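Structural overview for review
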Amino acid sequence: MSKAFASQADLEDKKITFEQLSPHCWAYTAEGDPNSGVIIGEKFIMVSDATATPALARDLIKQIRTVSDKPIKYVLLTHYHAVRVLGASAYVAEGATEVIASQGTYELIVERGAQDMQSEMERFPRLFRGAESVPGLTWPTLVVGDGKPGRQGSLEVDLGGVKVQIWHPGAGHTRGDTIAWVESEKVLFSGDLVEYEAGVYTGDAQLEEWPATLEALRALNAEYIVPGRGEAMKGNADVNKALDYTKRWVTTLFAAGKEAAAAKMDLKAAMALTRKSMDPVFGHVFIYEHCLPFDVSRAYDEASGIKNPRIWTAERDQEMWAALQS
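This write-up is about the structure you can find in this document. Model, not experiment: these values are computed from the prediction. Along each chain, the written sequence defines residue order, and numbers are assigned to residues from 1. A pLDDT threshold of at least 70 governs which residues receive local features in this predicted model, and a stricter bar of 80 or more applies before side-chain atom pairs are shown or counted, although totals over entire chains, interfaces and linings include all residues. Calculation of side-chain values draws on the structure's entire complement of heavy atoms; hydrogens and water are dropped beforehand.

Section: the overall build of the chain
- Per the convention used, a helix needs a DSSP run of H or I reaching at least four residues, while a strand needs a run of E reaching at least two, with both numbered from the N terminus. If you tally the helices and strands in the chain, you get eight helices and 13 strands.
- The globule rule used here is 2.2 Å times the number of residues to the 0.38 power, and the radius of gyration it is set against is calculated over C-alpha atoms. Rg of the C-alpha trace for the chain: 19 Å, near the compact-globule value of 20 Å for 326 residues, within the 12% margin.
- Counting contacts in the chain only where the partners sit at least 6 residues apart, residues at least 24 apart contribute 71% of the total.
- Only carbon and sulfur atoms are counted for the fraction: they give 52% of the accessible area of the chain, which is about 12,700 Å².
- Only four residue types enter the tally: Lys and Arg on the positive side, Asp and Glu on the negative side, with His and both chain ends excluded. Lys charges are placed at NZ, Arg charges at CZ, Asp charges at CG and Glu charges at CD. The distance from the centre of the 34 positive side-chain charges to the centre of the 45 negative ones in the chain is 2 Å. By definition, residues are in contact when any of their heavy atoms lie within 4.5 Å. Residue exposure ignores everything except the shown protein chains as possible cover, and the areas themselves are Shrake-Rupley values with a 1.4 Å probe.

Here it is as structure tokens:
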């Protein structure tokens, strides 16, 4: 029997956890579903990753309102994927005036945002319940940096009593990944650059560059991290555990991709090869089976010299899935 496409069979709601990590920082996590981060100052609030729909965003807003009535002025897009950004419109009624993204993320929205929105809505029907409330693509009002990695193009936002530094540390999950760093409390909001005990989606990744970006994050010596998926990690040892987990996924996957490309395997053979090294380590984690076909496709492409990831459309998604099921 063919496997259900992507996460179409995943219809069970996940348990939401909203927990305080430090005096101003909170984690909104959901058993392997996409996470969001919240930074609450004396004047303003920032949300890192807006959720997939306004309906989901309203649940996060409800959680925030149990601890603060301050305006949610800032919404940070850690990258362009629809599941992270299409809930942004819900924050306008809560005081949002700025949607922040890196130059690379802005360029990716222009290049492929519309195709990604259609593709992800079909991959994640549960997360996109109420998709009719999405007004369209989410566009940044404030673009950070010039596309080059590093802190020289960073933005510092003062929320009142707490400052947040925002910059593009390097390519990885996408070429525009953006982080929020609360240095005074050693809290890192990484988006999907870092995951823990969940599938690492690499369909639009820069696999060769990703490990170096993870090491740049490690150098911050964070005491807390809100990863893109998985539980919030507390203590530097556990932060490093999440970094190591992500790095192991990326390097294991890319090594298999290079071996498959060198042997000129077809995609189905590349998948079989990759499973030999990935399944024993990662086969148990949430959305593993969803991620792996897209990951193998991208690893093979990058190993074959395709630097800029091919755009995933709903049609390409289904063609790839069918080729692996044949």
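Now, onward.
A closer look at helix 5 (residues 236–262)
- Here the expected length of a helix is defined as 1.5 Å per residue gap, with one fewer gap than residues. With 27 residues, helix 5 ought to run about 39 Å at 1.5 Å a step, and its terminal C-alpha atoms sit 38 Å apart, in line with that.
- One or two steps after helix 5, the chain reaches Lys264, where phi turns positive at roughly 55°.

Digging into the pattern of salt bridges
- The salt bridge definition used is simple: a Lys or Arg side-chain nitrogen within 4 Å of an Asp or Glu carboxyl oxygen. In total, this model carries 20 salt bridges according to the counting rule given.
- Between Glu209 and Lys307 there is a salt bridge whose closest N-O contact spans 2.2 Å. Residue Glu209 is found in the loop between strand 11 (187–191) and helix 4 (210–218), and its partner Lys307 is found in the loop between helix 7 (288–303) and helix 8 (314–325); the two are separated by 98 residues along the sequence.

Comments concerning the side chain of His24
- Its place among the elements puts His24 in the loop between strand 1 (17–20) and strand 2 (25–30).
- The buried label applies to any residue whose accessible area, calculated with a 1.4 Å probe on protein chains only, is under 20% of its type's maximum; exposed applies above 50%, and partly exposed to all values in between. Note on His24: relative accessible area 16%, which makes it buried.
- Each polar contact in these results corresponds to two N or O atoms within 3.5 Å; when the atoms are within protein, one needs to be able to donate a hydrogen and the other to accept it, and residues that are neighboring in sequence are counted only if both atoms are side-chain atoms. Among the polar contacts listed, one links the side chain of His24 to the side chain of Glu185, at a separation of 2.5 Å.
- Once residues lying within four places of it in the same chain are set aside, the contact partners of His24 are Val38, Ile39, Ile40, Gly41, Gly161, Val162 and Glu185.

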